[in-house]
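A look at the structure
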Amino acid sequence: MTAQIPDTFVYKGDEYELIGLEGGPLVVPEQFGMEPEMIHTACYRGFYATYELTEDGLYLRELTLKEKNGRYLPIEGVEPEREEELGDAATYRNLDIAVPFTGRIRLGRGLIREFYVHMGFQKPTAFETVLDI
């Protein structure tokens, strides 16, 4: 399996990769009436997201997905932008969707190249900085 595209989290102005999750759930396309389909070998689940963690809570800011039936519905009034270089996937930008979450989120930043694994998602030991939130 190819290394997978992780979800991204913006926290205190820095970008982190999601490397662990207990509890949940986070956002899935099905909650917006869409069914994801594999985008390419680096995205078997068919979608990836960018979240922002603020003092006020957790927010979905961007969602990229390939919809199985090509039915890209608006998400809270936001229309998708087609991403032809991603096999007809689409990206929803400038979202402001509060994500109710209870649990623990593990984030990593600063991938150490010699610990990169070309399968699945990266392990916490592959990052310079790891946060449990």
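Now for a quick tour of the structure. (Residues numbered from 1 in each chain as written. Predicted model: local features only at pLDDT ≥ 70, side-chain atom pairs only at ≥ 80, totals over all residues. Heavy atoms only, no water.)

Observations concerning the environment of R93
With respect to the secondary-structure elements, R93 resides in the loop between strand 6 (89-92) and strand 7 (97-98). Separated by 33 residues in the primary sequence, R93 and L60 have C-alpha atoms spaced 9.6 Å apart. Setting aside residues no more than four positions away along its own chain, R93 makes contact with R61, E62, V78, E81 and E83. At 2.7 Å, the side chain of R93 forms a polar contact with the side chain of E81. (Helix = DSSP H or I, 4+ residues; strand = E, 2+ residues; numbered from the N terminus. Contact = heavy atoms within 4.5 Å. Polar contact = N/O pair within 3.5 Å; in protein donor to acceptor, adjacent residues only side chain to side chain.)

What to know about the nonpolar core
Judged by nonpolar contacts, the single largest core of 25 residues is most densely connected at Y51 and L60. Elements that contribute at least two residues to this core include exactly strand 2 (14-23), strand 3 (47-54), strand 4 (57-65), strand 6 and strand 8 (103-111). Each residue touching L60, except ones within four places of it in the same chain, is listed here: V27, F32, A49, T50, Y51, L95, D96, I97 and V99. Ranked by size, the runner-up nonpolar core spans five residues in total, among them I39, C43, L86 and A89. (Core = buried A, V, L, I, M, F, W, Y, C linked by side-chain atoms within 4.5 Å. Buried < 20%, exposed > 50% of the residue type's maximum accessible area, 1.4 Å probe, protein only.)

Points about the side chain of Q4
Within the secondary structure layout, Q4 lies in the segment before strand 1 (8-11). Of the polar contacts made by the side chain of Q4, one reaches the backbone oxygen of T41; its length is 2.8 Å. In this structure the side chain of Q4 is engaged in a polar contact, spanning 3.4 Å, whose partner is the backbone nitrogen of C43.

Observations concerning the environment of E76
Turning to its location among the elements, E76 is positioned in the loop between strand 4 and strand 5 (81-83). Residue class for E76 comes out exposed when judged on its relative accessible area of 62%. Separated by 19 residues in the primary sequence, E76 and L95 have C-alpha atoms spaced 7.9 Å apart. The residues touching E76, leaving out its near neighbours within four places in the chain, are D96 and I97.

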